[in-house]
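Here is how the chains run, residue by residue.
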Amino acid sequence: MSSHKPPDQPSCSSNSGHHKPQPQVISRYESQKSRDWNTFLQYLKTLNPPVTTSRFEHTHVLSFLNYLDQFGKTKVHNQACVFFGQPDPPSPCTCPLKQAWGSLDALIGRLRAAYEEHGGGSSDSNPFGNGSIRSHLREVRESQAKARGIPYRKKRKRKKTRNDVVVKKDISKSSSHNHNR
């Protein structure tokens, strides 16, 4: 009895010339961006009346950011709270949990990119890049920093240069040279 395979299922020996298409691996960023975009679209549908993707504007983005605060995990003390301005309060309080500024900033970046990928138009007309969104994020950052008593300082990225590598090599040579004395 001979085993006959259908033409669309090649045997192992004849498979060497055929390559099955590999499933495309999606990065964590792309996956998150897609999930964020879908969440935003779902949010637009819950509005009364529902808003379509072609009709939403920066005010809808602002209301989405405020809506997300209910799922936040960052304690933000009110000015009336005795722990206002303290980075590590000694006991719990009733102040609200909100979305952390860094999370909102990253979310807006991903949504801004997703909007452009989904045919939203130029970056100038992108509601996620609107000045009021940037202003809102700045206010959130500053208020959260004050509430925690930690001033926000922008991290400065320093590019490595050839001199840095040379200096490090010179330091290690000179320090090993000093140890031999």
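As shown above, the structure is provided for reference.
Residues numbered from 1 in each chain as written. Predicted model: local features only at pLDDT ≥ 70, side-chain atom pairs only at ≥ 80, totals over all residues. Heavy atoms only, no water.

A few points about the pattern of salt bridges
Phase 1 of the analysis: The full count for this structure, using the stated rule, is 3 salt bridges.
Phase 2 of the analysis: Linking Glu 30 and Lys 33 is a salt bridge whose minimum nitrogen-to-oxygen distance equals 3.1 Å. Taken together, the positions of Glu 30 and Lys 33, both in helix α1 (residues 28–46) and 3 residues apart, correspond to about one turn of that helix.
Phase 3 of the analysis: Overall, the relative accessible area of 3% leaves Lys 33 in the buried class.
Phase 4 of the analysis: A salt bridge links Lys 33 to Glu 117, with the nearest nitrogen and oxygen atoms 2.3 Å apart. Separated by 84 residues along the polypeptide, Lys 33 in helix α1 and Glu 117 in helix α3 (residues 101–117) bring together distant segments of the chain.
Phase 5 of the analysis: If you follow the salt bridges from partner to partner, you end up with Glu 30, Lys 33 and Glu 117 in one network. (Salt bridge = Lys/Arg side-chain N within 4 Å of Asp/Glu carboxyl O. Helix = DSSP H or I, 4+ residues; strand = E, 2+ residues; numbered from the N terminus. Buried < 20%, exposed > 50% of the residue type's maximum accessible area, 1.4 Å probe, protein only.)

Observations concerning helix α4 (residues 131–148)
Phase 1 of the analysis: Here α4 is 18 residues long and its end C-alpha atoms lie 26 Å apart, about the 26 Å a rise of 1.5 Å per residue gives.
Phase 2 of the analysis: When we look at burial in α4, the residues that qualify are Ile 133, His 136, Leu 137, Val 140, Gln 144, Ala 145 and Ala 147. Looking straight down α4, one finds its buried side chains confined to an arc of 165 degrees; they lie on one side. Turned more than 90 degrees away from the buried face of α4 sit Glu 139 and Lys 146, all of them exposed.
Phase 3 of the analysis: Close packing links the buried residues of α4 with α2 (58–68) and α3.
Phase 4 of the analysis: Backbone geometry just after α4 places Gly 149 at a positive phi near 75 degrees. (Expected span 1.5 Å × (residues − 1). Arc of directions from axis to C-beta. Contact = heavy atoms within 4.5 Å.)

What about the side chain of Asn 126?
Phase 1 of the analysis: Locating Asn 126 in the fold gives a position in the loop between α3 and α4.
Phase 2 of the analysis: A polar side-chain atom of Asn 126 sits 2.9 Å from the main-chain amide nitrogen of Phe 128.
Phase 3 of the analysis: Among all residues touching Asn 126, those that are not within four sequence positions of it are Arg 112, Tyr 115 and Glu 116. (Polar contact = N/O pair within 3.5 Å; in protein donor to acceptor, adjacent residues only side chain to side chain.)

Section: the nonpolar core
Phase 1 of the analysis: By size, the foremost hydrophobic cluster in this structure holds 23 residues, and its most contacted members are Trp 37, Phe 40, Phe 56 and Phe 128.
Phase 2 of the analysis: Considering every element that reaches this core, the biggest residue donor is α3, with 7 residues.
Phase 3 of the analysis: Among all residues touching Phe 128, those that are not within four sequence positions of it are Trp 37, Phe 40, Phe 56, Val 61, Ile 108, Leu 111, Arg 112, Tyr 115 and Ile 133. (Core = buried A, V, L, I, M, F, W, Y, C linked by side-chain atoms within 4.5 Å.)

Description of the packing of aromatic side chains
Phase 1 of the analysis: Under the defined criterion, the tally for this structure stands at 13 aromatic pairs.
Phase 2 of the analysis: Pairing Phe 40 with Phe 56 gives two aromatic rings, centres 4.9 Å apart and planes at 70 degrees, and the pair type is edge-to-face. You can see Phe 40 sitting in helix α1 and its partner Phe 56 sitting in the loop between α1 and α2, a full 16 residues away along the chain.
Phase 3 of the analysis: With 6.4 Å between their ring centres and 25 degrees between their planes, Phe 64 and Tyr 67 make a pair best called stacked. Taken together, the positions of Phe 64 and Tyr 67, both in helix α2 and 3 residues apart, correspond to about one turn of that helix.
Phase 4 of the analysis: Residue class for Phe 64 comes out buried when judged on its relative accessible area of 2%.
Phase 5 of the analysis: The partly exposed category is assigned to Tyr 67, whose relative accessible area is 34%. (Phe/Tyr/Trp six-rings, centres within 6.5 Å; stacked < 30°, edge-to-face > 60°.)

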